[in-house]
2 protein chains.
Amino acid sequence: MPKDWSGSRVDLHLALPTGGARRFAVESALREAIRDGRLAAGALLPSTRGLAQELGVARGTVTAAYDQLAEEGYLTARPGSGTTVAELPPSPTAPGSTAPRGPAPRHDLRAGLPDVSAFPVRAWLASTRRVLAAARPEAFGAGDPQGRLELRRALADYLGRARGVTTSPDRIVVTSGYYQGLSLLAGVLAAGGAGTGAVEDPGHNAFRDVVRRAGFETVPLPVDADGACVDLLTPQVDAVFLTPAHQYPTGVPLHPRRRRTLTAWARSTGGLIVEDDYDGEYRYDRQPVGALQAMAPDATVYCGTASKTLGPALRLAWLALPPHLVEPVVRAKFDADLYSETLGQLVLADLVSTHAYDRHIRAARLRYRRRRELLLDRVAAIPALTAHGAPAGLHTLLTAPAHWPPEDELLVACAHHGIALRGLAELNCESADHLSKKPPGLIVGFGAPSEHAYAPALDALFTVLSSFAASGAGATVPRPVSVRHAWQDARA
Amino acid sequence: MPKDWSGSRVDLHLALPTGGARRFAVESALREAIRDGRLAAGALLPSTRGLAQELGVARGTVTAAYDQLAEEGYLTARPGSGTTVAELPPSPTAPGSTAPRGPAPRHDLRAGLPDVSAFPVRAWLASTRRVLAAARPEAFGAGDPQGRLELRRALADYLGRARGVTTSPDRIVVTSGYYQGLSLLAGVLAAGGAGTGAVEDPGHNAFRDVVRRAGFETVPLPVDADGACVDLLTPQVDAVFLTPAHQYPTGVPLHPRRRRTLTAWARSTGGLIVEDDYDGEYRYDRQPVGALQAMAPDATVYCGTASKTLGPALRLAWLALPPHLVEPVVRAKFDADLYSETLGQLVLADLVSTHAYDRHIRAARLRYRRRRELLLDRVAAIPALTAHGAPAGLHTLLTAPAHWPPEDELLVACAHHGIALRGLAELNCESADHLSKKPPGLIVGFGAPSEHAYAPALDALFTVLSSFAASGAGATVPRPVSVRHAWQDARA
């Protein structure tokens, strides 16, 4: 109920909420009145006795409120001359509104995302319960910049058996996602004098940017049907960043001969191999090809992540490092954010060591395999389209012949139909001669949609592509050989 | 059981484990043999038929294993000339062992740590259950670089009511701990041209280093009984980093007059105030003094954290920013690690909005209040010692008179008795004239030990201090006034 202070030294309607502690109510009302300018700087407040009477509260309540606000700098108490409102800055402007993050796309065919609707909620909760029940107090205290030992142990075992990685818990560093891991690693290498990094072309542009931001000059390694052309590596290259199991975005695995060329390059030049094994768990025609790292554990950084198996929200990734890089990378992690959040690490460690993680991946592999087959069935109906890469991963690159409309136009048409996906062009390195050789391409992720949303997403995509095929007569015009890029020959 | 390959093209004892899939067993055994050098580069492998017979497995099993290993680069298959071991780099050296992180100290009196043995495990698990039950799939997908909206909403409400912060969800950025938040903020400010930062002297050295690493030159602001001497701020200072509610380490709150001086400085110079409210929730004699930020929301960055209320393992902290800093800080967060882990944010949001967070803090406040009183009782028994600061926070600074042994010696004696704590000297800025004026001091954290471990820790500490008092006759020699530093006058 508003109170009229006429007769007091200031004339003010003070709205005092009913209920709650009186002192806080008086304080809040005064604070509000000062902030919104009703009580101006220099205004003399009522005496504590007067205000107490007006508000029907004890005098001590008002005294305490005045004291508190004086302590907070809102009021100035001068002995003998009463309490006045202190000089305050102008009241804040309305909070700026940040741009809303866009709503989820209707048809999410972005690459690199797993089906998070299949997140193993029960298993995660069960592991959380076990972890919390068993946790000693230190689990809630300061963490380990290298990552929790429980998780590093579980990962060393898992990576050895599932990915053929040769490592040990003391060579693993847990990071808040691969992006952070790469950023820390690139920073360490640059600080150590590395200046030239070879990157795949086409390749992941965001990660290329991370490497550049760390201070590297990047040189493009073309990708053909055998993966990155590592035979082009020179002794001037300090580190090569690549995706050997399933090249992003073409999907070709690095040929065994190239694997050997690569490790020979590292051995003879002292160069470092950075192996991004982002979706190495997903191979549909055979056992996943083991990690390249095992062929040169002292010259290779193996990078893995839970983002493609469980979900990126967990921010859990790991580096298996050569011994000489462990300490500097741990130091860089410490400098960046001290250490990663502990509970998620312990839960993942529990999931991995109880094999719930493997079971989840096995089930996911069956789903994604079927999704890829559904995609290829649709591709087969439009002969102008070519699907690239090995039966693996969470995406397939599709390319169209050169007489089709340009890639931009394909992407606009997709966006118009509520389909989110990326084109090939933005993944190219900048050199114009490379660009001109590459066909229009779409990177179709089949991981992201939920099971029931996948077929409608494919329908939407192929409605768009069919219309292009029909209008461009793509199905009847012979494919011009000149636009076929080398990795079009890769096993589809 | 070992198999003898004599008679085959290579002579090798291949240990094939019993049980499990035969193909994987053959593969693993061969991979091991290649890695450890038993199968040398160039060695010709047995024919698939021959090895299958030797091992008692199907020929197709051996063929598949050879194919897999060729794919992985271990073997080379040449049509017509059999399968040979590929050229491989030397086998890795034994993994370097990283230094073990030290064991927990026997008596943990480090400042800035809460009692993590009181972590609200039940409440956390209950919130986790609720969050997982209610989570839509997107909660496991890509996160928000600014922090989950649920948490920003809960924090805006909590900070307004508990800390008097004037903010809104769109002005809050969630970071992986305060350390990261400060690092991102300082980087943004430096990139925007800020070069001079005022820091408290004494003050937190790790955070001073973060500010310097971002590119700031730091100028020390002496601390006296009224907190940081902000009247010394000049227009040349771009940003001032301070702890107004409970100065670290002296424990004095910033005087109301200084609060006004500070906001007037910001208003007239365009300078930025960075308010580290690291333990503002803990005040024992009165309602916590509200955040300084509310007096100048457009010129103040308010920094809060769950590290002192729940535990640092969660890596959950927040910045309440002036509007113009929101976008650049979100961008910096994105560049560092894209976004923070989502589940912990959702669980904290649930804890805060169900008021379980407040209940936890209230209970903790009672415990810490009692611990502080126990500490002061012990201090009172050694008249040479002075306790500084307001009844607040998780630590109390104790200083000894100048005729006591130097601080280093006190710390060594403490360490010898298994007591972990920090001295005052390392928190001083480097200027020698400041150093010489400051008495030997110990920062006694009373938060970290569990309830049952606190009394023994105090016993250990005061056994050490009593011995110094006795040997230095500290209790009988009159305290020399000349060594009393200004903040020794603060309310104890």
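Preceding block: the structure.
Just so it is clear, the model here is predicted, and its values are computed rather than measured.

Conventions we followed
Residues numbered from 1 in each chain as written. Chains lettered and ligands numbered in written order. Predicted model: local features only at pLDDT ≥ 70, side-chain atom pairs only at ≥ 80, totals over all residues. Heavy atoms only, no water. Helix = DSSP H or I, 4+ residues; strand = E, 2+ residues; numbered from the N terminus. Expected span 1.5 Å × (residues − 1). Buried < 20%, exposed > 50% of the residue type's maximum accessible area, 1.4 Å probe, protein only. Contact = heavy atoms within 4.5 Å. Phe/Tyr/Trp six-rings, centres within 6.5 Å; stacked < 30°, edge-to-face > 60°. Salt bridge = Lys/Arg side-chain N within 4 Å of Asp/Glu carboxyl O. Pairing = 2+ DSSP bridges. Polar contact = N/O pair within 3.5 Å; in protein donor to acceptor, adjacent residues only side chain to side chain. 1 Å grid on protein atoms, 1.4 Å probe; cavity = no way out; pocket = protein on both sides within 12 Å on 5 of 7 lines; lining within 4 Å. Points joined across faces, edges and corners; volume = space filled by probe spheres on them. Nonpolar A, V, L, I, M, F, W, Y, C, P; charged D, E, K, R; others polar. Buried area = accessible area lost by both parts, 1.4 Å probe.

1. So, helix H8 (residues 256-269) of chain A
Phase 1: Between its terminal C-alpha atoms H8(A) stretches 20 Å, which fits the 20 Å expected from 14 residues at 1.5 Å a residue.
Phase 2: Along H8(A), the residues classified as buried are Pro256(A), Arg258(A), Arg259(A), Arg260(A), Leu262(A), Thr263(A), Trp265(A) and Ala266(A).
Phase 3: Lining the buried residues of H8(A) we find strand E8 (217-224), strand E9 (227-228), strand E10 (239-242) and strand E11 (272-276) of chain A together with helix H3 (59-71) and strand E3 (75-78) of chain B.
Phase 4: Gly270(A) sits one or two residues past H8(A) and shows a positive phi near 75°.

2. Comments concerning the packing of aromatic side chains
Phase 1: Here the structure, examined in full by the defined rule, presents 20 aromatic pairs over all chains.
Phase 2: Ring geometry for Phe119(A) against Trp124(A): centres 5.6 Å apart, planes inclined by 55°, an arrangement best described as tilted. Across the pair, Trp124(A) and Phe119(A) agree in class, each one buried.
Phase 3: On the numbers, 6.4 Å between centres and 55° between planes, the contact of Tyr179(B) with Phe207(B) is tilted. One end of the pair, Tyr179(B), is in helix H6 (residues 178-191); the other, Phe207(B), is in helix H7 (residues 205-213), and 28 residues separate them in sequence.
Phase 4: We classify Tyr179(B) as buried; its relative accessible area is 7%.
Phase 5: Exposure remark for Phe207(B): the relative accessible area of 17% places this residue in the buried category.

3. Quick notes on the pattern of salt bridges
All names here are of chain A.
Phase 1: Scanning the entire structure with this criterion turns up 46 salt bridges over all chains.
Phase 2: Here Arg110 ties to Asp108 by a salt bridge, and the two come within 2.8 Å at their closest N and O atoms.
Phase 3: Measuring nitrogen to oxygen at the nearest pair gives 3.6 Å for the salt bridge that ties Arg369 to Glu373. Of the two residues, Arg369 and Glu373 are both situated in helix H11 (residues 356-380); the distance of four residues between them amounts to about one turn of the helix.
Phase 4: A single salt-bridge network, built from bridges that share partners, covers Asp115, Arg370, Arg371 and Glu451.

4. Topic: the sheet that holds strand E8 (residues 217-224) of chain B
Residue and element names in this part refer to chain B.
Phase 1: Pairing in this open sheet of eight strands is mixed, and the strands run E6-E13-E12-E11-E10-E7-E8-E9 from one edge to the other. Each end of this open sheet is capped by a strand with a single partner; those strands are strand E6 (172-175) and strand E9 (227-228).
Phase 2: Strand direction decides the pairing type here: strand E12 (residues 300-305) and strand E13 (residues 317-320), joined by four bridges, are antiparallel. Bridge pairing in E13 links Cys303 to Leu319.

5. Digging into the side chain of Arg152(B)
All names here are of chain B.
Phase 1: Mapped onto the elements of the fold, Arg152 is located in helix H5 (residues 149-163).
Phase 2: Using a relative accessible area of 5% as the deciding quantity, one classes Arg152 as buried.
Phase 3: Of note is the side chain of Arg152, whose polar atom sits 2.8 Å from the backbone oxygen of Gly147.

6. Let's talk about empty space enclosed by the protein
Phase 1: The final tally for this structure, using the stated rule, is nine cavities of 30 Å³ or more.
Phase 2: Computed from the structure, the largest cavity encloses a volume of approximately 160 Å³.
Phase 3: Every residue lining the largest cavity is counted, 16 residues in all, and those nearest its centre are Trp124(A), Leu343(A), Trp124(B), Thr128(B) and Leu343(B).
Phase 4: Put simply, the parts of the chain that give the lining of the largest cavity at least two residues each are helix H4 (121-134) and helix H10 (342-353) of chain A together with helix H4 (121-134) and helix H10 (342-353) of chain B.
Phase 5: When grouped by side-chain class, the residues that make up the lining of the largest cavity number ten nonpolar, four polar and two charged.
Phase 6: Here the second largest cavity is characterised by a volume of approximately 130 Å³.
Phase 7: Taken together, 16 residues make up the lining of the second largest cavity; nearest its centre are Ser176(A), Glu341(A), Ser176(B), Arg315(B) and Glu341(B).
Phase 8: Each residue belonging to the lining of the second largest cavity can be placed in one class, and the counts come to six nonpolar, four polar and six charged.

7. Remarks on the pairing of E8(B)
Residue and element names in this part refer to chain B.
Phase 1: By the bridge criterion, six bridges tie strand E7 (residues 196-201) to E8 in an arrangement that is parallel. By the bridge assignment, Asp201 is partnered in E8 with Pro222.
Phase 2: Note that E8 and E9 share two bridges and pair antiparallel. For Val223, the partnering residue across the bridge sits in E9 and is Ala228.
Phase 3: Hairpin connection of E8 to E9: two residues between the antiparallel strands.

8. Some details on the pairing of strand E6 (residues 172-175) of chain A
Residue and element names in this part refer to chain A.
Phase 1: Residues Ile172 and Val174 point to one face of E6 and Val173 and Thr175 to the other, with burial holding for every one of them.
Phase 2: Inspection of the sheet shows E6 paired to strand E13 (residues 317-320) by four bridges, in the antiparallel sense. Across the sheet, Thr175 pairs through a bridge with Ala317, a residue of E13.

9. Section: the interface of chain A and chain B
Phase 1: Between chain A and chain B, the residue contacts involve 86 residues of the former and 87 residues of the latter.
Phase 2: Carbon and sulfur atoms supply 57% of the area buried between chain A and chain B, which totals about 7,200 Å² over both sides.
Phase 3: For the chain A face of the interface with chain B, the top three residues by lost area are Glu71(A), Phe140(A) and Gln287(A), together amounting to 10%.
Phase 4: With a shortest N-O distance of 3.8 Å, Asp335(B) and Arg213(A) are connected by a salt bridge.
Phase 5: Counting the contacts that link chain A with chain B gives 18 residue pairs in polar contact (both at pLDDT 80 or more).
Phase 6: Mapped onto the side of chain A that touches chain B, the elements with two or more residues apiece are helix H1 (22-35), helix H3 (59-71), strand E3 (75-78), H4, helix H6 (178-191), H8, helix H9 (323-337) and H10 of chain A.
Phase 7: Taken together, the residues of the side of chain A that touches chain B break down into 40 nonpolar, 21 polar and 25 charged.

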